[in-house]
Structures are given as structure tokens and as C-alpha cells.
Amino acid sequence: MEGVVLPVVLWNGAPSHDISAMLVTSDRSALITGASNGNICIWALNLEKTKEACLAPRIFCLGHTSAITCLGEASFSSHDVIVSGSADGSVHVWSMNDGTCLHAGPYMLGGASACAMTTLPDRRYVAIAGESCDIYIVDLYTMDIIHELRGHTDWVTSLFAFDIGKESPYLMSSGRDGTVRYWSLKDSETDFPLQTLPLPEGVGGTDGTSHVTHYHTGTDRGGIPIMVAIAPDLLTFIVVTQRVVSLFIASTSRLLWSAVCPFGYPQGWGGGAYVDKRKILMFTTNGQGCIYRLKLPKGETVTPLSFMGTSSARSHYSPATPSPLLNSSGGIIVSPSLTSTPIRLQNNLLAQSGGFPLRPLDSGYNSPFFDLNIENLDTNTLPPIVICTFNEGHASQQQTTLSPFPNLDSSPPHQNGTPLVNPSPINLNNSNTNNTNNNMPISSNNNNNSYNTLASSGCFGNIFVVGSSEGKVDLWVLQGWESPLTAEPPPHTSTYCSDAWKDTYSPDSSAKGPIGVVTSSIIVQDIMALVRGYDNGSLAIYSLPTAPFPRTVQNAHNGRVNCLLCSTPNYSSQKRLLISGSSDFTIKVWDVASFDLVHVFSNHSGPVTHLFAPPPSYSSSKADSAFDNVFFSVSDDKCVGYFSLDSMRSKYIFGVHSSHASLVSLRREQDFLLVAGADGTVWVWLVATGELEGRIQGQASRDILENSEKIWRRESYSVHNTAVSSSSSTSAIIDDVALDSFTIQNMGDVPVQLMLFDLKQMCSELHKHVIPKKITPSTSLPVTQQQGPSPSRAPSSSNLNNSTSSSHANNIGNTNNTNSNAPSQPSPMSSSSPSALSSSTSSAAAAGAPSSSSSSSIVQPSSSSMISSLATLPSYQCFSYLVPWGLDKACDVMVKKELMLRPPHPSFSFGTRGEGGNLGLLVPSAGALSRWQCSGEMTAIVSMAAVAIAKALLSISDQKNACSQVLAFYCAHVPELLRNTYVEPSLPVLASFWQDDNEDLMQAARSIFISTINRMPTGLRRTIAQGLSVQLWKPNKLSKSSTHTSSATAGGSASLLAPASTTAADHPDGPPTNNKGDLSEHNKARENVVFVLAILGAEKPDSLDERVTQRITIELLKILYRGASPRLVTVVELVAKGFPVWRPHIKDLQRLLKLMFSLSLQNEPMASAAHGALMTMGGNEPAQFVATLGAEIARDQVTVPSSSAVMTIGSLVKRDPVALLPLLPRLVETVVRSVDPHTPTLRDSCIKATTAVLHTMVSKYPMVSFHTDSQRLAVGTAECSVIIYDLKTATRWHVLEGHKGPITAVAFSDSGRALASYSMAEGLVRIWNAHTSFLSGVFGGQPHCVRQFSLPKSAASSPQVASFPPSSSAKSSPQKLNSPDVPPNVLLETVKLQWASPSSIMLVRGWEGSITLNLDVAL
């Protein structure tokens, strides 16, 4: 099972958020903003009138390494997700709830920038366009490109998805080639566009000579189309260029008019969208905008867009109105009935037409005259009416007071939840002609410093949003609002992203006041210390987890502290050193303990920007002693420094290079240090002498770098920007890396300091220090069975902990855990004599549990000493971050007193780590309670972490109260205290740890799962089950195209959501073993859904309906028969736990029993799980159990020892003797057959196991008796007879008949000459002559009844007794006599028949004592 990592972020301040893309979700509950540095912010959006705050940052996502260029909204495994595209072509999928990165697709578009994105109506697929002519349809479940739409002859600029009734989804695109194209996404129709609409010059078309036009050229071409959108009623669509917006009839592509952007150059239109079917909002690149009211042609019936009449993929539309012209390529040309003379309407004319004077949204009115320049006006169409304008309402840098929002009852005009506008408008006609990247964030050059620099703007249904480079968001709501001439403008609010971090600046203070802005930070993990560097040159060190007042060194440098590094001593007396690099050109070395200055390196002539250490593997090698206790530096003086901490001297300064260093590598075999410059030159230096070996350029430089070990790379921003990987010495001091840390920092930005808690390693570390050790004087525990983690390696002196190096970026927080098998199953039960059955004590003991050694002792340290030792343990200190501080004062006091923990400081918040190590972090303003209010996944992980560590700490006897209090809070009190805002933990997440190699984590997951479903009412559990079960039948709606799908990915998604059918694989008996559809090909999330529903069905059977129960039974059997799942033990446990629920849907039970038996012969933990399943199934279906195991005994195969089957039967006899009581004769017959002398191999292999099992039967059943000397076994049956077996020959020796009721007890006399039998239903004890000889058979002397005793009626009727109830599956005689039933377990435990002497018998009945029956003669 993978490691469980919980990120905890220590905020150093607000990271920058230069907004480059935006999206408002279809339910209007969230705003998503992407920044030019690659981070993403999820904002909570609340438009209810009663709420005080309507817009606030909630989650910060880190993962992209370049600017976010487009955003989309989709669904992933029934969760709402965000899809982000960046300038480097990477596409990531994020959870809307907690920011978890669910999928990371680096460079999906081949390095091209993702410039346009739209979500298809089913919300599983997105269409993405990059800097190319192709459009890619991406399956978010698999991140596969399933279709490539090819047709544009130049870059695609805009995408818009829509559907028409129940038809397949359609796509509309525009490109720099001056065309608009319609696409069908049916499998057979993706090769060519349905329609191609060449746009005329002036509204986005080209003249065939150039595809590049500019707004300021003065030409009438108007630029290329940058956005397209279709009205909600499919009657019209708009095409937007930088110069004009044009309205078309959708069904005929007839141009009605074009409106020139009234705000002039250099703004121009940046995009537009339909507010509703008759209003469009047009906005510029700097946030100005207009709302136009549209008019359709007078006296005409306009029909919606439809493609039902197309006969092929390239059919041309035949409208009822005058036909459009066709060009030579077969595309449709818009109708030529245009007005060539522009119409200019002034503002007063607009007012007379129903418009109103333009007004800015901040205050005051604009000019009373405003030119509305309409071109290409259709003769039958009225010009649009401007009803509102937005004119730099975001101008003020001060936050605008929140305005009340109107009560919004209707939803915005979205197409199946898809926004009607490209969320990231792209300015492809940038005024800077030297800028070749036309997809960079849009900005406006405004010389007024009181104005924010705009970065992005967009309209999403009825919401208009403008974002700035400072992270400010302005938002207007247009729903239900349409101003008359004297009304107020639309409601508006604005918020800065940095407001969520305003409380993180106060802690860094001293007697002289605030220290400054944090510019670098690092965590010294083994001593739990946070070191911060500041812009004014100061340093501060915090003792984690609680440090309200740090130790500070004011003006430690004369300039900004750019980077930090920490050494690890190789012996206890060596000092821990901190290295700091500054813009004052110096590197300073500090003693961490005292914060005294140790040394100053002044070898650079420019700011020191980076510090890093060689990999730990270098210092661990004796051949690389040159790298012991050394570090490197990178400076803006174009040099790389090489320093020794042992001698406190600069070994060498490598440089000056021709450009700034971008990469540093090592080649150990030649002792080379390679420095790659920004100009592409690689400088080769000799490490031993510091001499320049040479300079390499061109392809040779690339080749040598590819064959070297990179130890540092300059990156402007990276979420993997950590100094030393988990193999570093600082991490090595902490056993198996229970705690790791790294820093994320954009150049010139505030660093984000993270800690990664590996929950499994934390529990293991605690066990190593907490669990009492068992000491055995005579023997020692084998190495393979030792508990706890292996001892850590001795730290090396050269290992350093860096805050900015990225040489081990891909290993951040990644942990590898290997499942180790427990000792194999104990050997079969044995007896002291292999040749004959014996009743010795050793043989009976062999059938029981293995005995424990009495020579071992327990060493239990005192509670106070244990706490003192734990106080310095990072895993224990980190527990403070998981304690629910502030919810209950009594709990806080108890934790402080007994566990010696305090609330953490400085401020922190939790996060999630997703695919690729990408992070979703809660912002500081979310508060401490947000860990339970964000998502079910985060609630589950945080709760599991706290409960698992608390369970580990329960080993301390005197601290059980505090640990139990934490357990109770997470499992019961927190959900009750946060009743309305508490998010229940995710059942799929908890189910994924139902089987785990870490006992604490597994028990924590199970405890939280059970407590969660116990809190739920039955109706809620059924609702959850129904919602999850949809994924078991959900079909794959859009299959891959055979033309554009590679063979490597063609099989993955086809079976992902395959519809339920009556194939062999879906049969309740399970699929054939050679079925190609292996479960490993299915999505892990879908498999986890099976486990969740199986646990629900096993624990709460009323949660599943009959259909879901049948499906879960099928899925469990599939996994069992395939045997490929890593969680096969969990499946076995669930089959056993819910067997009564699954049983009606299991047709071939014998096959399942055989499989369980074979699994019980494997290693632990599978052996125990399968054995438990056999016991459960045997207790419910004893007849099938006995028949199946009997067949396994008869097989006598070497690979499946028959003795194991005999042992399994014996285990069920011990565990549930009542279940096997009706089948007792058959059971005895099966066991006796295993010692048949005619099958010597079978007898030899089973003799010990059979001995033990028969002795178990004698002890459990009073109606079974065994005589050792004669080797005879007597069995009383429900058929009123006694069967005597001769075990020497393994045959029936005689059947005694005469009773009229079922036999309750039998007993051989000590001599074996007599047998007593008792029938409770009959009230009669019979004495039989069981002695025979050779002559008895010759002269007819057979066993016979020699005496009988009728019990007094009072004795017989004192209890309400009867025979044991016959089994429905056993063909026995009906119940004898009309006596009320007595519980079978009471009968087996209280009735006993034994010989007191050769002439007397004692009958024991627990409810009345014993009765002694005397014989006339001794037998």
C-alpha cells in the first residue's frame, strides 16, 4: 500500500497571484483564477443576500510551472473538478472541493500553449486547442486524447461546446485562418467539420494573403476571430474580433450587424458572451464593457440551429432563406446582403430607443454623447441597444464595499453546465509586434499608478469578472437586473487574493517592531526548527511546533536574504550550521544552537541567489571524500562557488561564465563539474584543481549534460523546488523519513514552506520508542519477525538541507512501502504416535492455539520517562498539528498536561498532495476548522492521521485518557460540534486503507468508517450507496476514434465504465479464469467503489438494494477468481463478513469454498483471512462445507495436503460445533475416511491431524465417545441409532438400534466392553455389550442391549428438553417426541454421560446436577 502523506503548510505571507485566467462554476458557488506564475486559487462565491462576505479565497493550488492560460469545469468520478491548461501545454485536473490534483498531464499538447478550452456537455471530456491547427478531445478519466479534429489551416483561437436536444455534442471553433467551423463528436463524424464558415473581411475574415491583422492598421479587416458563442436558444451566434463583434443567424450564417468597439485602441474587444438569449456582454482587455440588447429581423421566423439534415460529415446547410454562397472549398459564405455604410448613433438616440446614458460603475456619468458604430447592418434588422456600460470600475486600489446582491432564483444561461464563454479570452492582436507569444496574459499599460494592471476578464452567464495583476477580483452580477435610465448600476464586489493571508504577517515581531517580508525559509527537520530570512537582511528561528516569539538576528545581512541551507553533523559534538546567502554578496555561516556568527564568505561580486549541496550518495562514497561537508553557491556575478564547512574556506570559485548559470551537474568518473549557462554554453571544470577543462557548445553540450548527474537547476517557479530529497541526511536522522520538508518559491515571491507527514513512518517511529519490548533470555527474535522500522543509517557529514535546490524534485514526499509477509502458517496438528490413534495430552494440545513462552518478560518504561523521550521526537511533536485545539477546553487542558503538547505556532493550514506531487493548500483565512469543512477526502486523511497516531500512543498506560479523548473527538465529538458544517469523511478514502500493512492506519480507517456509517440514518446510507453504484453501470459514452488512438491506450478506457451486461464475466458465479478483462485494467476509483459498497453491505445490509447487492457479489467474485488485486485480503474478509448478504447471489458455492481453502494455505495475512472466511461460510452452509472439504481430503494431492482440509474441519468443530451437529454422522465419516489403511499415503499424511480432530469432536459432542485401546469410535445420531467405527480399518463396525429418540450422549466404559447411550427425548439410558471376539462372529454373538434405565418423569421433564433440531440439508429422521426445543449449545455444554465405575454410570445434566445409575454386575 502506498504511503499516506499529509501536507502541512507554514505560511510566510501571501504569494503573488497575477491573474491570467478566470472561471465561474456553473452553479455559481466558486470562482477559479489562474495566475501567470502557474498557481490557481479557488474562491468561495456566495450570492445570497443574507451573507456578509460573498467572495473569499479558499484553496491555493500549486503544480503548474508556467502561466495558466485557460480553465474549464468538468466532472470526475462524480466529483466537480477544475481543468487547467498552461503556457507549456500541460493540462491538470483538480478537485473543486480541496484542490487535490487528480490528474497531471505534462506537455499534452507537445509543448504548445493551451490557448482555448471548453467542456463538453457530458462533463467528462474537454476540447483543448493549443498553438496549432488541431483540436484535441481529452478524456479526463484517463487523460488520453481520444480525438484530434483537423481542418483549420492556422491556429485555433476559440472553442464553444453545445448540444442540440438528444443529439451527440457539437463543437464550434474559430481560427486565425478566418473561419468558424462546426464539428460533430460522433465517432464516425470527427474526421471532417460539419460546416466551414469563412468570415468576410471586416468581421474576422482574411484576404488570402495574410492571417495577421492589427487593430491600429486602419484596414477594414478587423482582426482575426478571438471568440465565438451561441445563444442559449440556438437562434444566433456571435463572432468577436479585436475590432468588432458580429451577430449571425445560427441556422443560415446570415450576418445581421457588426458593432465596432467604442473604447478605441489599444483596448479593443477582449471577448464576449450571452447574458441571456437576447443580451450579450462585450468586454475589452482592460475591463471596460457594454451590454447590448439584441433584435431579430422584423417579420421573419428564425429557426434554431440544427444538423439533422446533414447527409455526411461535409454536407452543406440548405436554409429556407436565401441560400448562402459556396466557396471553392465547399464551405458556406455568409449572406452578402450587408449595409456597407456604417451607422453612427449617439447616446441620446440610444436613450430614445430604450437605452440609457453610459455611466461608469464607480461614480459619475460618462460623456452624454457616445458613438455606437454599427457596420454591415442587415436591411430587416434593428441595430442593438446599449443598456449599460462598464468603464474602469475597478480603478480604485482600495477594496470596494460589498453591495447586497438581489435574490437570484433562476440559473444562468449555461449549456448543460458548460459556460457560454471561453474562460480565458486571448488577445491575439497584441499591440507589441515583437511579442511572439500571443497567448500571454492580457494586460493594459496604464500610466496612472492608482489603477491596477488588468490581467484577465470574462463573462460567465450573468456574472462579469475582472482580474488584475495584483490579485484583485471585481465581480458584477447581472441576473434579474436591467437598469432604466435612472437606476443604479449592477451589484458589484471586489476582493484581493492577499486578504486571505493578512493574519500571517503579525507573528514575526520583536522589541524593535516587525522584522519584514519573508524572502526565504527552511525547516531543520530533526530539531523541528523553522528558519526565515527577510528582505531587510534579518534572520529568525522558530522552535516548532509552538514558537510565538522567535529568536532573531536583526540586520544579519546588509541586503535581502535570498537562500538558506542547513548542515547535518556527522558526530554528536559537531555544531549544527546554518548557511545564508544574501544580496549583499556575502555568504554567512551561523551556529543554529546559539545563532552566533561562525564565518563570513565574501567571494562573490554579485548577489548570492542559490545555495545547494551535492547528493547524499556522493558523501557516502569514500572515493568522493572531496564532497564531504561542502556546499555550492550560485551568484548573479555569473560564478559558482565551492565551499568547505570543515576548513571554513572557499575551495574554488568557478567562473566568470559568459551568462548566468542555469544548471549544474557532476560527472564523478572524470571529476568534472559542469556549469550550463543561459546562452547554451557548458563550462567544464575540474573539481580537484578548480581549473577550466574546456567549453562546449551546440549538440555536444546537450550530449554531455544528458550523461551527467544534475545537482541543481534554475527554475523560475516549481512546486518540486526542494533542496534535499527524502534521502538527505536531515531526513535520514528521522527514521525512514517520517517528516520531510521543502520550499516552493517563485522568483522574487514569498516562499511557501511545507512539511510532509508520512503517517505510516510516523506511527512506526512512535512504536519504536513507545511499544514495550519483550525480552527472552534463552532465544532472540529472528530478524524477519522484528517489529518496527529498521535502524536508520548513520548520517553523513556532507549532507545538507537546502530550501531551493531542485535536483531531487520528482521524489518530494514520495515513500515506498514494501509489504512483508508474516511467518508462514503453523505446521499441521501432530500427535505423539504416527501409527495409532492416541488420546494423550500432547495430541489434544496440538489441535489448539500455539502456546506462548513463559520465559519472556516485559520491560515497561515509566510514563514520565516515556513522555520525556518522546518530547524530542519529530513525529510526536507533529501530533500537535493534529490535535483539535479550541473545540473543547477540557480536552485542551488534558492534552497539555498529560501529553505536554501546545497549540502550533506560527499559523499553518492543511493541504492535499495529488498526482505528480502537486498540492492543494487551504488558505490561512479558512481557519483551523476548515480541515473538517473542506472535503470528505481531507476529513478522512486528517482524521486517520490523528486517530492512527493516537492509537500508537495508547501504548503509554498513563496517557490513555488524553489519547482516548482525541480518538473520541475525531470519531464522535467533532461531527457533533460542527453539525451543520462538518463534511463526513470520504468512505472511498477510508475503504482504500481497509487493508494496509500499517496496523495503526488500518485500524484508524476502519474505526472512522464504522463510526461514520453508524451516525448515518438508513436513508442517507442508501442514498450514498445508490450514488456510488451508478459508477458500476456507467457506460463509456464517447469511445476512442480508431484513427487517432494509439494501441497503448486503446484498451484502457473501453473497460473503464463498461455497461452492465449478461456476459460470462458478469455471471454471479464469477468469470472464467482466462477472461482477458483483468480487473487491473479497471480504474482504481471504480474498484474502490466496490469495496465501499461491499463494506456497507457487510456492516449495514439495509444500505443496499437487491440489484446493487447482486452486482457487488459479482464484482467481489471477479476479484477473487482473478486473484490479481493487491487488496485480495480485503475481498476475502468482506466475503466472509457479508456472506449472509451475498449468499443468495452465489450459485457455485462449492467453487468458492475450494478457492477459500486454497487461499488459506498461503502466507499471512491471507491465510488467516481465508481461514476466517471458511469458518463463516461453514457455519452458514455446513453441508456444503463438509462436502467440499471431504472432497479435498479424498483428492490427497501433494500441492494441497489432505491434512490441511482435516485441520480446517477441526477448526470449525471447535469454533461452531452447533452448526455441524445435524451433520455429525457425515462429518465423522469424512474424517474417519482419511485414515483408511487401503490408502496408505492419505493415512500417513492425515494421521496426526485426524487424531487431533477426533479428540476435538469427543470434547465438543457428548454423543461421540472414543476408546483408545480398542480404537473404536461411537457416534450417536438423530436417527435413534449408535454407529461404532473401527479406526484400525476405518470402517463401520456395528450399528446399535433400539432407541426411539435421537441420541443425546454416549460413553465407552474404561474396559471398552460396554457402551452407554442416552436419549433425552426418550428419557431412557441403555447399556450395550460392546465386547466381541473372533468366536462372537462365528456363533452370532453381536453387540446388544443388556440393560436400560427409564428416568423419573420429574427428571426428564424438569428442563424443556428435546433432541437437537435436524438440519434441512441433512437427510435425518424427523424430530422425536413432542418436547419443546432446548438450545443446542445448552445441550452440548450441560449434558454428559460417563462411567463412574465398572458397575455404575453417572448422567450429568447441568440444570439439575447428576444422576447415578447402578448396574447389577460390573462390565
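Higher on the page you've got the structure.
These numbers come from a predicted model, not from an experiment. (Residues numbered from 1 in each chain as written. Predicted model: local features only at pLDDT ≥ 70, side-chain atom pairs only at ≥ 80, totals over all residues. Heavy atoms only, no water.)

Engineer: Before we go on, may I ask you to explain the overall build of the protein chain in this structure?
Structural biologist: Looking only at helices and strands, one finds 28 helices and 70 strands in the protein chain. Residues counted as buried form 59% of the 1419 residues belonging to the protein chain. For the protein chain, the exposed surface amounts to about 54,000 Å²; the carbon and sulfur share of it is 51%. (Helix = DSSP H or I, 4+ residues; strand = E, 2+ residues; numbered from the N terminus. Buried < 20%, exposed > 50% of the residue type's maximum accessible area, 1.4 Å probe, protein only. Areas by Shrake-Rupley, 256 points an atom, 1.4 Å probe, with all protein chains shown as cover.)

Engineer: Can you help me understand the sheet that holds strand 14 (residues 156-162) in this one?
Structural biologist: Across a sheet, paired strands are connected by hydrogen bonds in the backbone, their directions being either parallel or antiparallel. The strand order 14-15-16-17 describes an open sheet built from four strands, whose pairing is antiparallel. Only two strands of the sheet have a single neighbouring strand rather than two, namely strand 14 and strand 17 (195-198). Each strand of the sheet is rotated relative to its neighbour by a mean of 15°, with strand direction disregarded. One ladder, built from five bridges, connects strand 15 (residues 170-175) with strand 16 (residues 179-184); its direction is antiparallel. (Pairing = 2+ DSSP bridges. Axes fitted to C-alpha atoms, helices over the stretch in contact; angles between N-to-C directions.)

Engineer: Looking at this structure, how should I read the state of the cysteines?
Structural biologist: Linking two cysteines covalently through their sulfur atoms gives a disulfide. This model, assessed by the stated rule, comprises zero disulfides. Distance from the sulfur of Cys 70, which forms no disulfide, to the nearest cysteine sulfur (Cys 115) is 7.3 Å. Given the relative accessible area of 0%, Cys 70 is considered buried. (Disulfide = S-S within 2.5 Å.)

Engineer: Just checking my understanding: could you explain helix 3 (residues 699-706) for this structure?
Structural biologist: Side chains of residues three or four places apart in an α-helix project in the same direction, reflecting 3.6 residues per turn. Within helix 3, burial applies to Ser 701, Ile 704 and Leu 705. Along the axis of helix 3, the buried positions cluster into a sector of 100°, meaning they face one direction only. In this structure, helix 3 carries Arg 702 and Glu 706 as exposed residues pointing more than 90 degrees from its buried face. Those residues of helix 3 that are buried lie in contact with strand 48 (661-667), strand 49 (672-677), strand 50 (682-686), strand 51 (692-696) and strand 52 (709-713). (Arc of directions from axis to C-beta. Contact = heavy atoms within 4.5 Å.)

Engineer: Sorry if this is basic, but what is going on with the pattern of salt bridges here?
Structural biologist: Charged atoms that come close allow side chains of opposite charge to pair. Evaluated as defined, the whole model comprises 24 salt bridges. A salt bridge links Arg 254 to Asp 378, with the shortest nitrogen-to-oxygen separation between them at 2.8 Å. Here Asp 378 lies in the loop between strand 28 (372-375) and strand 29 (385-390) and Arg 254 lies in strand 21 (residues 254-260), a separation of 124 residues in the sequence. Given a relative accessible area of 11%, Arg 254 falls into the buried group. Each member of the salt-bridge network shares a partner with another, and the members are Glu 73, Asp 80 and Arg 123. (Salt bridge = Lys/Arg side-chain N within 4 Å of Asp/Glu carboxyl O.)

Engineer: Just to check I follow, could you spell out the packing of aromatic side chains for this structure?
Structural biologist: Two aromatic rings are characterised by how far apart their centres lie and by the angle between their planes. Applying the stated criterion across every chain yields a total of 26 aromatic pairs. An angle of 40° between the planes, with centres 6.2 Å apart, marks the rings of Tyr 652 and Phe 654 as tilted. What makes Tyr 652 partly exposed here is its relative accessible area of 25%. Exposure remark for Phe 654: the relative accessible area of 0% places this residue in the buried category. Above the face of the Trp 1293 ring, Arg 1272 is positioned so that its terminal group lies 4.0 Å from the ring centre. (Phe/Tyr/Trp six-rings, centres within 6.5 Å; stacked < 30°, edge-to-face > 60°. Lys NZ or Arg CZ within 6 Å of the ring centre and 35° of its normal.)

Engineer: Would you take a moment to explain the sheet that holds strand 23 (residues 279-284) for this structure?
Structural biologist: Strand order in the open sheet formed by four strands is 22-23-24-29, with antiparallel pairing between adjacent strands. Each edge of the open sheet carries a strand with a single partner, namely strand 22 (269-276) and strand 29. Taken pair by pair, the neighbouring strands of this sheet meet at an average axis angle of 20°, ignoring direction. As judged from the six bridges shared by strand 22 and strand 23, these two strands associate in the antiparallel manner. Looking across to strand 23, one finds that Tyr 274 is bridged to Ile 280.

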